Amino acid sequence: RAAGKRQFAEKCGACHKLRRAGTQGTQGPDLDEAFRQALADGMGRDGIEGAVRDQIANPADVPQDSKAYMPPDLVTGDARD
C-alpha cells in the first residue's frame, strides 16, 4: 500500500486532497469527502477502490479547461507492496 500512496501523491495529489496520502490538491474532488457517505452507508474499501479504478481508467470526456478534467492514462498498471 505504501507504493500506492507514493504513486497517488506523485500522479494525483496535485489535484486531489486525500489525508492518507498527505496530499492537499484543490482542483479535483476532495476524496476524503467524496466517499465519506458511501463508507457511512456500508460500502467497503474494495467497492471504493473499484470505483476509483474505473474513474481512472475511464475519465470524464470533458474539455481540458474543465474542473472535472482528468488526463487519460495518468496511471497504468498496479502498484502494490
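Heads up: the structure comes first, above all this text.
Numbers given for residues are sequential positions, taken from 1 along each chain in its written order. Only residues with pLDDT of 70 or above have their local features reported here, since the model is predicted, and side-chain atom pairs are shown and tallied only from 80 upward, although totals for entire chains, interfaces and linings are computed over all residues. For side-chain calculations, the full set of non-hydrogen atoms in the structure is used, while hydrogens and water are omitted.

**Structural notes on the overall build of the protein**
Part 1 of the argument: Secondary structure elements follow DSSP: runs of H or I no shorter than four residues count as helices, runs of E no shorter than two count as strands, and numbering proceeds from the N terminus. Looking only at helices and strands, one finds four helices and two strands in the protein.
Part 2 of the argument: In sequence order, the secondary structure elements of the protein are arranged as α-β-β-α-α-α.
Part 3 of the argument: Values of the radius of gyration come from C-alpha atoms, whereas the globule rule sets the reference at 2.2 Å times the count of residues to the power 0.38. For a compact globule of 81 residues, the expected C-alpha radius of gyration is about 12 Å, and the protein comes in at 13 Å, within 12% of that figure.
Part 4 of the argument: Each principal axis of the C-alpha atoms in the protein carries an extent, and together these give about 35 × 30 × 25 Å.
Part 5 of the argument: Burial classification: accessible surface area is computed with a 1.4 Å probe over protein chains only, and a residue below 20% of its type maximum counts as buried, one above 50% as exposed, and the rest as partly exposed. Evaluated residue by residue, the protein yields a buried proportion of 17% over its 81 residues.
Part 6 of the argument: Should any heavy atoms of two residues lie within 4.5 Å, those residues are considered in contact. Residue pairs at least 24 apart in sequence account for 32% of intrachain contacts in the protein once pairs closer than 6 positions are excluded.
Part 7 of the argument: Accessibility throughout is a Shrake-Rupley quantity obtained with a 1.4 Å probe, and a residue counts as covered only by protein chains that appear here. Element-wise, carbon and sulfur atoms account for 50% of the exposed surface of the protein, whose accessible area totals about 5,900 Å².
Part 8 of the argument: By the counting scheme adopted, Arg and Lys are positive, Glu and Asp are negative, and His together with the chain ends is not counted. Charge positions are represented by NZ for Lys, CZ for Arg, CG for Asp and CD for Glu. A gap of 7 Å separates the mean positions of the 12 positive and 13 negative side-chain charges of the protein.

**Looking at the environment of T76**
Part 1 of the argument: Examined against the element boundaries, T76 turns out to sit in the segment after helix 4 (45-57).
Part 2 of the argument: For the pair T76 and A57, spaced 19 residues apart in sequence, the C-alpha to C-alpha distance is 8.4 Å.

**Details of the side chain of D32**
Part 1 of the argument: Tracing the backbone shows D32 in helix 2 (residues 31-34).
Part 2 of the argument: Setting aside its immediate chain neighbours within four residues, D32 contacts K17, L18 and R19.

**Looking at the pattern of salt bridges**
Part 1 of the argument: Throughout this description, the term salt bridge denotes a Lys or Arg side-chain nitrogen within 4 Å of a carboxyl oxygen of Asp or Glu. All chains considered together, the criterion is met by three salt bridges.
Part 2 of the argument: Linking R53 and E49 is a salt bridge whose minimum nitrogen-to-oxygen distance equals 3.1 Å. In this pair, R53 and E49 are both assigned in helix 4, four residues apart and thus about one turn of the helix distant.

**Concerning the state of the cysteines**
Part 1 of the argument: In plain terms, two cysteine sulfur atoms within 2.5 Å form what is called a disulfide here. Counted by the stated rule, this structure contains zero disulfides.
Part 2 of the argument: Of all cysteine sulfurs in the structure, the one in C12 sits closest to C15, which takes part in no disulfide; the separation is 8.4 Å.

**Quick notes on the environment of H16**
Part 1 of the argument: Position of H16 among the secondary structure elements: in the loop between helix 1 (2-11) and strand 1 (17-18).
Part 2 of the argument: Using a relative accessible area of 12% as the deciding quantity, one classes H16 as buried.
Part 3 of the argument: In the structure, H16 is positioned 60 residues away from T76 in sequence and 18 Å away in space, judged by C-alpha atoms.
Part 4 of the argument: The contacts of H16, once residues within four sequence positions are left out, are F8, T23, Q24, G25, G28, P29, L31 and M70.

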